[in-house]
Amino acid sequence: MRQAFTMIELIFVIVILGILAAVALPRLSATRTDASVSKLVSNIMTGVSEISSYAMSRSNIDSNLSKMSNAISSLEDSNEATLSNNQAVIKAGSVNDCVKISITSNNGTDTLNVTFGNAGGDDVCQAVQRAIDASQYPMKLRGTSVVY
């Protein structure tokens, strides 16, 4: 009567576990990347929505976008965005200017713009840019063509 496994049986089990791990690890990594892309896109779109709501409710804009949006402020705090006058430049993956959110003012009309930088071959930035519908921008926030 046998009491233990043979060396061949143990090697066979180890090879099977190695194959399963080789298949599972890339999928786990892809899931982690998808989650970070989803979080970033959600923060960007929430920020855009908060900026437009701020402008509509106050019929005014602020030169600091983080004052107009908690989501943009959160991106700045986590070093995912750099803010300057009326502009937020958002980093995704290795691309420092993957998405730009800006407000331009011209003749009393304020316009919200969402533009994309060059994603190059960065998969994270490309996924972020694909998830955002750029056809909605520019969006007028204030001015003669906006009815309050």
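Bear in mind the structure is a predicted one, so any value in this text is a computation, not a measurement.

Rules used in this analysis
- Residues numbered from 1 in each chain as written.
- Predicted model: local features only at pLDDT ≥ 70, side-chain atom pairs only at ≥ 80, totals over all residues.
- Heavy atoms only, no water.
- Salt bridge = Lys/Arg side-chain N within 4 Å of Asp/Glu carboxyl O.
- Buried < 20%, exposed > 50% of the residue type's maximum accessible area, 1.4 Å probe, protein only.
- Disulfide = S-S within 2.5 Å.
- Helix = DSSP H or I, 4+ residues; strand = E, 2+ residues; numbered from the N terminus.
- Polar contact = N/O pair within 3.5 Å; in protein donor to acceptor, adjacent residues only side chain to side chain.
- Contact = heavy atoms within 4.5 Å.
- Axes fitted to C-alpha atoms, helices over the stretch in contact; angles between N-to-C directions.
- Parallel < 35°, antiparallel > 145°, perpendicular 65-115°, else oblique.
- Left-handed = near helix turned anticlockwise from the far one by under 90°.
- Nonpolar A, V, L, I, M, F, W, Y, C, P; charged D, E, K, R; others polar.
- Core = buried A, V, L, I, M, F, W, Y, C linked by side-chain atoms within 4.5 Å.

(A) Just the pattern of salt bridges, in detail. Within this structure, the stated rule accounts for 1 salt bridge. Across the pair D97 and K100 runs a salt bridge whose closest N-O atoms are separated by 4.0 Å. A relative accessible area of 29% places D97 in the partly exposed class.

(B) Summary view of the state of the cysteines. Taken as a whole, this structure holds 1 disulfide when the rule is applied. Between the sulfur atoms of C98 and its disulfide mate C125 the distance is 2.1 Å. The chirality of the disulfide connecting C98 with C125 is right-handed, given an S-S dihedral of about 105°. Highlighted residues: C98 in strand β3 (residues 95-106) and C125 in helix α4 (residues 123-131), separated in sequence by 27 residues. An identical accessibility class is assigned to C98 and C125; each is buried.

(C) Broad picture of the side chain of N113. With respect to the secondary-structure elements, N113 resides in strand β4 (residues 109-116). Side chain to side chain, N113 and T104 meet in a polar contact 3.3 Å long. Discounting residues that sit within four places of it in the chain, N113 has contacts with K100, I101, S102, T104 and P138.

(D) Geometry of the environment of V128. Inspection of the secondary structure assignment puts V128 in helix α4. For the pair V128 and S42, spaced 86 residues apart in sequence, the C-alpha separation works out to 9.8 Å. If near-sequence neighbours (up to four positions away) are discounted, V128 is found in contact with V37, L40, V41, I44, A92, C98 and V99.

(E) The arrangement of the packing of helix α1 (residues 7-58) against α4 in detail. The geometry of α1 relative to α4 is characterised by a closest axis approach of 10 Å and an angle of 45° between their N-to-C directions. Between α1 and α4, the crossing angle belongs to the class labelled oblique. The element α1 and its partner α4 pack so that their crossing is right-handed. Along the contact surface, α1 presents T33, V37, L40, V41 and I44, while α4 presents V124, A127, V128 and A131. Residues of the contact of α1 with α4, tallied by class, amount to 8 nonpolar, 1 polar and no charged.

(F) Examining the nonpolar core more closely. By size, the foremost hydrophobic cluster in this structure holds 32 residues, and its most contacted members are I44, I51, V99, I101 and V128. Taken together, the elements giving at least two residues each to this core come down to α1, α2 (65-68), α3 (70-77), β1 (81-84), β2 (87-92), β3, β4 and α4. Tallying contributions element by element places α1 first for this core, with 8 residues. With residues near it in sequence (within four places) discarded, I44 still touches L75, I90, V99, I101, V128 and I132.

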